[in-house]
Amino acid sequence: VMALRQPPRFSTIVAIGVVGLLSLPFLPSGYVERMTALADLGGVDIGTDPSLRARETETAVSIAMFTDHPLTGVGYGNYLPRYLDYSRDLGSDLLRKPREAHNLYLETAAETGLPGLLALGTVFGGAFVALGRGRRVFRAMGDMSTDGIGHAVMVSIVGYLITSTFLHMAFARFIWLMIGVAFAFPSLAAAENRARDEGLVLA
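Residues numbered from 1 in each chain as written. Predicted model: local features only at pLDDT ≥ 70, side-chain atom pairs only at ≥ 80, totals over all residues. Heavy atoms only, no water.

1. Some remarks on the side chain of Ser-164
Threshold: By the criteria applied, helices consist of DSSP H or I runs no shorter than four residues and strands consist of E runs no shorter than two, each listed in order from the N terminus. Working rule for contacts: check all heavy atoms of both residues, and any pair within 4.5 Å makes them a contact.
As for its position among the elements, Ser-164 is in the loop between α6 (144–163) and α7 (172–202). Ignoring any residue separated from it by four or fewer positions in sequence, one finds Ser-164 in contact with His-102, Asn-103, Leu-104 and Tyr-105.

In structure tokens:
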């Protein structure tokens, strides 16, 4: 996402790829095997990896909860206490202990249904819209440095949204801070624009 602002040269991309390939033999023991195990998702071989099997069960439980209660979900914070009931019905519970969904979107759907997903999408979508509005003003003023800050905030939010497919609101205070900055960006840009106009008038 950072490369969208300043795309790297082709030679740089090739160099990064070569370094990545050369580093494979030096990766921690079992890392490559663990990554290739992702190809077994949904297959019978997934049973050989308890962690992947647990993640698959968590996903199936989330979908079952949402399917049973699409409009209301099972209630905010109720994924954990309801997990064992659903996993037992699915017959795929290996660890037999309450587990989180480890996925922001699936847990939101399971606990709060369609209204929760709509609210979540509105918050993050609004943050991107606000960043876009503020950045356009800064670019119009020729302030590419502050526009770059806005781009960095966008990258932070995108990165968090990607990791949220594996973890559920980990280090949540930081993403709310970034969202706050995003929503404040248009006001910051407008204030800066007014200050420059007043400076020009005084000059």
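Structure's up, so let's keep going.
2. Observations concerning a nonpolar patch on the surface
Applicable threshold: Excluding any residue in a salt bridge, patches collect residues exceeding 30% relative accessible area, merging like charges within 9 Å and nonpolar Val, Leu, Ile, Met, Phe, Trp and Tyr side chains within 5 Å. Only the protein chains shown count as cover for residues, with accessible areas throughout obtained via the Shrake-Rupley method and a probe of 1.4 Å. Any carboxyl oxygen of Asp or Glu within 4 Å of a side-chain nitrogen of Lys or Arg constitutes a salt bridge here. Burial status follows relative accessibility: with a 1.4 Å probe on protein chains alone, a residue under 20% of its type maximum counts as buried, one over 50% as exposed, and anything between as partly exposed.
A contiguous nonpolar patch, built from Phe-10, Val-14, Val-18 and Leu-22 and spanning about 410 Å² of accessible area, is present on the exposed surface. When you line up the elements, Val-14 lands in helix α1 (residues 10–23). We classify Val-14 as partly exposed; its relative accessible area is 38%.

3. Comments concerning the confidence of the model for the protein
Test applied: The predictor rates its confidence in each residue with pLDDT, a number between 0 and 100.
For the protein, per-residue confidence averages 84 on the pLDDT scale, and residues scoring 70 or more make up 86% of the total. Element-level mean pLDDT values for the protein span from 68 in helix α2 (residues 31–36) up to 95 in helix α5 (residues 104–140).

4. Digging into the packing of α5 against α6
To keep it simple, the criterion reads: Geometry is summarised by axes, namely lines fitted to C-alpha atoms with helices restricted to the contacting stretch, and by angles between N-to-C directions that run from 0 to 180 degrees. Working definition: roughly parallel below 35 degrees, roughly antiparallel above 145 degrees, roughly perpendicular at 65 to 115 degrees, and oblique for all remaining angles. Left-handed describes a crossing in which the near helix is turned anticlockwise from the far one by less than a right angle; the clockwise case is right-handed. Each residue receives one of three labels: charged for Asp, Glu, Lys and Arg, nonpolar for Ala, Val, Leu, Ile, Met, Phe, Trp, Tyr, Cys and Pro, and polar for the others, Gly being one of them.
Remark: α5 packs on α6, axes separated minimally by 9 Å, with the N-to-C direction vectors making an angle of 165 degrees. By the angle between their directions, the pair α5 and α6 is classed as roughly antiparallel. Pair α5 / α6 crosses with left-handed handedness. On α6, the residues that touch Tyr-105, Phe-124, Ala-127, Phe-128, Leu-131, Arg-135, Phe-138 and Arg-139 of α5 are Met-144, Thr-146, Asp-147, Gly-150, His-151, Val-153, Met-154, Ile-157, Val-158, Leu-161 and Ile-162. Grouping the amino acids of the contact of α5 with α6 by side-chain chemistry returns 13 nonpolar, 3 polar and 3 charged.

5. Remarks on α5
To keep it simple, the criterion reads: Here the expected length of a helix is defined as 1.5 Å per residue gap, with one fewer gap than residues. For a residue, the bend is simply the angle between two axes, fitted respectively to the seven-residue segment ending there and the seven-residue segment starting there. In the analysis that follows, any N or O atom pair within 3.5 Å is treated as a polar contact, provided that within protein one partner can donate a hydrogen and the other can accept it, and provided that, for residues neighboring in sequence, both atoms belong to side chains.
A rise of 1.5 Å per residue sets the reference length of α5, with its 37 residues, at 54 Å; its end C-alpha atoms lie only 36 Å apart and thus fall more than 12% short of the reference. The sharpest bend along α5 comes to roughly 130 degrees, located at Thr-112, with the proline Pro-115 sitting one to four residues further on. Sitting at the head of α5, Asn-103 places a side-chain oxygen 3.0 Å from the backbone nitrogen of Tyr-105. Gly-142 sits one or two positions beyond α5 and adopts a positive phi of about 80 degrees.

6. Some points on the environment of Tyr-86
Relative to the assigned elements, Tyr-86 resides in helix α4 (residues 79–90). Looking at Tyr-86, the relative accessible area reads 9%, which means it is buried. In this structure the C-alpha to C-alpha distance between Tyr-86 and Ala-64, which are 22 residues apart in sequence, comes to 7.5 Å. Excluding residues that lie within four positions of it along the chain, Tyr-86 makes contacts with Val-61, Ala-64, Met-65, Asp-68, His-69 and Val-74.

7. Observations concerning the pattern of salt bridges
Inspection of the entire model under this criterion finds 4 salt bridges. For the salt bridge of Asp-147 with Arg-135, the shortest nitrogen-to-oxygen distance reads 2.7 Å. A residue pair is termed long-range when its members are at least 10 positions apart, and Asp-147 in helix α6 and Arg-135 in helix α5 qualify at 12 residues. For the residue pair Asp-147 and Arg-135, the accessibility class agrees, reading buried in each case. For Glu-192, the salt bridge is made with Arg-196, and the minimal N-O distance between the two is 3.5 Å. Of the two residues, Glu-192 and Arg-196 both sit in helix α7, 4 residues apart, roughly one turn of that helix. Taking the relative accessible area as the measure of exposure, Glu-192 reaches 31% and is therefore partly exposed. Through salt bridges that share partners, Arg-135, Arg-139 and Asp-147 make up one connected network.

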